[in-house]
Amino acid sequence: MSGGAPRIFAEPKELATHAADWIQGLIAAHEGTFRIALSGGSTPRLLFSELAHRSIDWSKVVFYWIDERFVPPDHPDSNLRMARETLLSRIDVPPDHIHPMPTDGDPDDAARRYEAQLKADYGADTFDSARPLFDFVLLGLGGDGHICSLFPGSPVLDERERWVAPVPTGRPEVRLTLTYPCVESSRVTAFLVAGPDKAEAVAKIRAGDTSLPGGRLKPQGELVWLLDREAARLL
Ligand code: 6PG
């Protein structure tokens, strides 16, 4: 999995502006509901802030997450909180179009609840490659080559039945993550990567190194790499 030629921008701000232009266009051109799965972490902040002041028909858009830290929604590490602060609180989106990963109760049960939500929205319990679950998946990339909360060496890398799974180890806090079959079920998948600490992982994955979680991704639809100059410096 390497995708087409990467789109490379000098600065993270330019990267975010281009990504926002592109996503705005995809939503405008799309007929019907546009299901987008958001990444967390810090890289998407600039993009989300850009999107917040664009003229977009948010009533078409349904928001999901690719992973979450198992913390309360108002916790500083919450991916939902980051998206709410930078985007969701600043746009006119129907509240029932926002589907955060649950972080209450037991992590395994919360993962099963989210999986049930995804299956209900998809309208089936198994994936049809002709009908991807998501219209757009936004991926970040860890310096260790992880995507979502699919960390190197984690048993969840081999999970092929569940759509959502708990990740009890690998980070200080328990995570929930989409599994490969689920995150791959998308018409368009975009890596949004910035910073020198990601350059080695970017280069390895684009060279076909499947030892990194990001290198094992086999997205069903179009794969696009959006990079800043620093993240692309080893290409
Ligand atoms: C998370 C993300 C994770 C992230 C990478 C990169 O919950 O942290 O979903 O997969 O995309 O860790 O994080 P940064 O953008 O903060 O470098």
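Everything that follows concerns the structure shown earlier in this document.
Model, not experiment: these values are computed from the prediction.

### Comments concerning the overall build of the chain
Right, on to step 1. Scanning the chain from N- to C-terminus turns up six helices and nine strands.
Right, on to step 2. In terms of overall size, the chain behaves like a compact globule, its C-alpha atoms giving a radius of gyration of 16 Å where 235 residues would be expected to give roughly 18 Å.
Right, on to step 3. Viewed in the frame of its principal axes, the chain has a C-alpha envelope of about 40 × 40 × 40 Å.
Right, on to step 4. Of all 235 residues assigned to the chain, the portion counted as buried reaches 54%.
Right, on to step 5. Partitioning the intrachain contacts of the chain with sequence separation of at least 6 by distance along the chain shows that 78% fall at a separation of at least 24.
Right, on to step 6. Total accessible area on the chain stands at roughly 9,800 Å², and carbon and sulfur atoms take up 50% of it.
Right, on to step 7. Treating the 26 positive side-chain charges of the chain as one cloud and the 34 negative ones as another, the clouds have centres 3 Å apart.

### Comments concerning the side chain of Arg35
Right, on to step 1. Within the fold, Arg35 resides in strand β2 (residues 34-38).
Right, on to step 2. Here Arg35 sits buried without a salt bridge, and the closest side chain of opposite charge, Asp121, lies 5.3 Å off (N-O distance).

### Examining the nonpolar core
Right, on to step 1. Ranked by internal contacts, the top residues of the largest apolar core, which has 78 residues, are Leu47, Trp58, Phe63, Leu118 and Leu178.
Right, on to step 2. For this core, the leading source of residues is helix α1 (residues 12-29), giving seven residues.
Right, on to step 3. Discounting residues that sit within four places of it in the chain, Phe63 has contacts with Ile36, Leu38, Trp58, Leu87, Leu88, Ile91, Val93, His97, Ile98 and His99.

### Structural notes on the pairing of β2
Two faces make up the sheet, and in a regular strand the side chains alternate between them.
Right, on to step 1. Across the five residues of β2, five count as buried, placing the element largely inside the fold.
Right, on to step 2. The alternating pattern of β2 places Phe34, Ile36 and Leu38 on one face and Arg35 and Ala37 on the opposite face, and all of these are buried.
Right, on to step 3. Of the pairings in the sheet, the one linking β2 to strand β3 (residues 61-65) comprises five bridges and is parallel in character. Its bridge partner being in β3, Ile36 is matched across the sheet by Phe63.
Right, on to step 4. At this point the chain moves from β2, through helix α2 (residues 44-52), to the parallel β3, and the crossover so formed is right-handed.
Right, on to step 5. Note: β2 against strand β5 (residues 136-139), two bridges, orientation parallel. Its bridge partner being in β5, Ala37 is matched across the sheet by Val137.

### Examining the site of the ligand
Right, on to step 1. Around the ligand there are 14 residues in total, and Thr43, Asp67, His146, Cys148 and Lys198 lie nearest to it.
Right, on to step 2. For the ligand, an oxygen atom lies 2.7 Å from a polar atom in the side chain of Asp67.
Right, on to step 3. Between the ligand and Cys148 there is a distance of 2.6 Å, counted from an oxygen atom to a backbone nitrogen or oxygen.
Right, on to step 4. For the ligand, whose free accessible area comes to 410 Å², the fraction covered by protein is 88%.
Right, on to step 5. Here the ligand is seated within the largest pocket.

About the criteria used
Residues numbered from 1 in each chain as written. Predicted model: local features only at pLDDT ≥ 70, side-chain atom pairs only at ≥ 80, totals over all residues. Heavy atoms only, no water. Helix = DSSP H or I, 4+ residues; strand = E, 2+ residues; numbered from the N terminus. Rg over C-alpha atoms; globule rule 2.2 N^0.38 Å. Buried < 20%, exposed > 50% of the residue type's maximum accessible area, 1.4 Å probe, protein only. Contact = heavy atoms within 4.5 Å. Areas by Shrake-Rupley, 256 points an atom, 1.4 Å probe, with all protein chains shown as cover. Lys, Arg positive; Asp, Glu negative; His and termini not counted. Charge placed at Lys NZ, Arg CZ, Asp CG, Glu CD. Salt bridge = Lys/Arg side-chain N within 4 Å of Asp/Glu carboxyl O. Core = buried A, V, L, I, M, F, W, Y, C linked by side-chain atoms within 4.5 Å. Pairing = 2+ DSSP bridges. Right-handed = clockwise from strand over helix to strand, strands pointing away. Near = heavy atom within 4 Å. Polar contact = N/O pair within 3.5 Å; in protein donor to acceptor, adjacent residues only side chain to side chain. 1 Å grid on protein atoms, 1.4 Å probe; cavity = no way out; pocket = protein on both sides within 12 Å on 5 of 7 lines; lining within 4 Å. Sits in = over half its atoms within 2 Å of the grid points.

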